[in-house]
Amino acid sequence: MYDLDSLLLKAKNAKPVLARMGTDEKNSTLLNVAEKLVRSKDEIIKANKIDLANAEEAGMSKALLDRLKLTDERIAGIADGVREVAALPDPIGEVLSMWKRPNGLTIGQKRVPMGVIGIIYESRPNVTVDSFALTFKAGNACILRGGSDCINSNIAIVKVIKEALSESGVTLDAISLVEDTDREIVNQLMKANGFVDVLIPRGGAGLIQNVINNATVPVIETGTGNCHIYVDKTADINMAVRIIRNAKLQRLGVCNACESLVIHKDIAEDAIPIIASDLASDEVEIRGDEQAQALSQVVVPATEEDYGTEYLAKIISAKVVNDIDEAIAHINKYSTGHSEAIITNDYNSAQKFLEEVDSAAVYVNASTRFTDGFMFGFGAEIGISTQKLHARGPMGLKALTTTKYIIYGNGQVRD
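Novice: Which residues make up the pattern of salt bridges, and what are the values?
Specialist: This model, assessed by the stated rule, comprises 24 salt bridges. The partner of K248 in a salt bridge is E259, and the shortest N-O contact between them spans 2.6 Å. A residue pair is termed long-range when its members are at least 10 positions apart, and K248 in helix α10 (residues 237-249) and E259 in strand β8 (residues 258-264) qualify at 11 residues. Looking at K248, the relative accessible area reads 1%, which means it is buried. Ionic pairing is found between K333 and E304, a salt bridge with its closest N-O pair at 3.7 Å. Highlighted residues: K333 in helix α13 (residues 324-334) and E304 in the loop between β10 (299-301) and β11 (315-321), separated in sequence by 29 residues. Taken together, the salt bridges that share partners define one network made up of K36, E43, K159, E163 and E167.

Novice: Account for the sheet that holds strand β3 (residues 116-121), naming residues and giving values.
Specialist: Reading across from one edge, β5-β4-β3-β6 is the order of the four strands in this open sheet, with parallel pairing throughout. The outermost strands of the open sheet, each flanked by one partner alone, are β5 (175-177) and β6 (198-202). Averaged over all pairs of adjacent strands, the angle between strand axes in this sheet comes to 20°, irrespective of strand direction. Both β3 and β6 contribute to a ladder of five bridges, which runs parallel. Within the sheet, the bridge partner assigned to I119 lies in β6 and is I200. Sitting on the sheet, helix α6 (residues 126-137) is in contact with β3, β4 (141-145), β5 and β6, with an inclination near 165° to β3. Relative to the sheet, helix α7 (residues 151-168) contacts β3 and β5, its axis offset from that of β5 by approximately 155°.

Novice: Let's hear about the nonpolar core: which residues, and what values?
Specialist: By size, the foremost hydrophobic cluster in this structure holds 72 residues, and its most contacted members are L37, F132, F136 and L199. Here this core takes seven residues from α7, the largest share from any one element. When near neighbours in sequence (up to four residues on either side) are disregarded, L37 contacts I44, I75, I78, V82, V129, I157 and V160. Of all hydrophobic cores here, the second largest spans 34 residues; its members include I237, L249, I263 and I267.

Novice: Give me α7: which residues, what numbers.
Specialist: Between its terminal C-alpha atoms α7 stretches 26 Å, which fits the 26 Å expected from 18 residues at 1.5 Å a residue. Buried residues of α7: I151, S153, N154, A156, I157, V158, V160, I161, A164 and L165, and no others. Its buried side turned inward, α7 meets α2 (23-39), α3 (41-57), β3, α6 and β5. Of the residues trailing α7, G169 is marked for its positive phi of about 75°.

Novice: Explain the sheet that holds strand β16 (residues 401-408) to me, using residue names and the numbers behind them.
Specialist: The strand order β1-β2-β16 describes an open sheet built from three strands, whose pairing is antiparallel. Of all the strands in the sheet, just β1 (95-100) and β16 have a single pairing partner and so form its edges. Between one strand axis and the next, the sheet turns by 20° as a mean value, whatever way the strands run. Bridging between β1 and strand β2 (residues 106-113) involves five bridges; their strand directions are antiparallel. Each residue of the ladder has a partner; that of W99, found in β2, is I107.

Conventions we followed
- Residues numbered from 1 in each chain as written.
- Predicted model: local features only at pLDDT ≥ 70, side-chain atom pairs only at ≥ 80, totals over all residues.
- Heavy atoms only, no water.
- Salt bridge = Lys/Arg side-chain N within 4 Å of Asp/Glu carboxyl O.
- Helix = DSSP H or I, 4+ residues; strand = E, 2+ residues; numbered from the N terminus.
- Buried < 20%, exposed > 50% of the residue type's maximum accessible area, 1.4 Å probe, protein only.
- Pairing = 2+ DSSP bridges.
- Axes fitted to C-alpha atoms, helices over the stretch in contact; angles between N-to-C directions.
- Contact = heavy atoms within 4.5 Å.
- Core = buried A, V, L, I, M, F, W, Y, C linked by side-chain atoms within 4.5 Å.
- Expected span 1.5 Å × (residues − 1).

Next up, the structure:
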């Protein structure tokens, strides 16, 4: 029987130690972790190859295999992300505001760590490093439970991180990996009240909904990405083709990839054949409504389910609409609240889209692939929050903190 209770207790006991750490100590530790990851890349890649072989044998899709795969270049990029986190301002200790009351009390609001952050995720070993770097810089301990698909990679990565922590004289309990892949452990982690201060699920819709529906500890929802691109009637078609190609094909298995197209009827006759032909040249299947089908022979019929699906594959839905209001209504109905974009040359349409589309990130004339902590200047991210309480969009350091009030008095008592 896996001893999760011992791991939880160690993480809880590490909370005050990590909260007291100074910025210089945290930064030097992170830089040591980054160097250690690069020096240990052969060891990590060796473990990753075992995961890749097992996943391929199990029939994992090419897109998900790509998410799982680690290379020299990717490990170097992961290490660079850790260095970027080290270079970011430390949010801990920031006094957000301070004011004086008529009774002489001085009241301030100060940013502090959350404590112990649990992260449940699937086959993306880079999440292991990103999660540690961000939670550690924000003064938290992290408990990680990755998927069985990447267990060997995660064990190797956490071993390297702990070696770097030891070299830096930092508690090894700053990071804990649940090495038991039994799903019952996830259920225990979701109900670890008094030990886990917040739980963050990262992965597919099934994982996220399971955590949301069953956890008794607080949860920050990171959403799946049924991301839309709307081609407005004034769009530059060549720009639309470039952006759609990038958003759909640059990486298939990511949550900010475009899964749904919405196209204004006034431009559809010119745009759809060009867009469809470009996507079909890379073997993308376009599932569209009757109007889209009539304008291109490569478009096949779409079902109602297609409009709400995150494919993570070479499939995309397409819908022709009468105006921008219908486009916005369609997006708000089927979106997962992640990222949407409009391609337009009309300022008023752009502003209307920005105002009325209800998602965490809304773009004008740019790819949805930019919804990413690194791209937003956060160094890395703990996830993309699609909820509205506490955090929304790419979650960087500040999203992993909370606040407390600090009050200075000189003997005041309440009447």
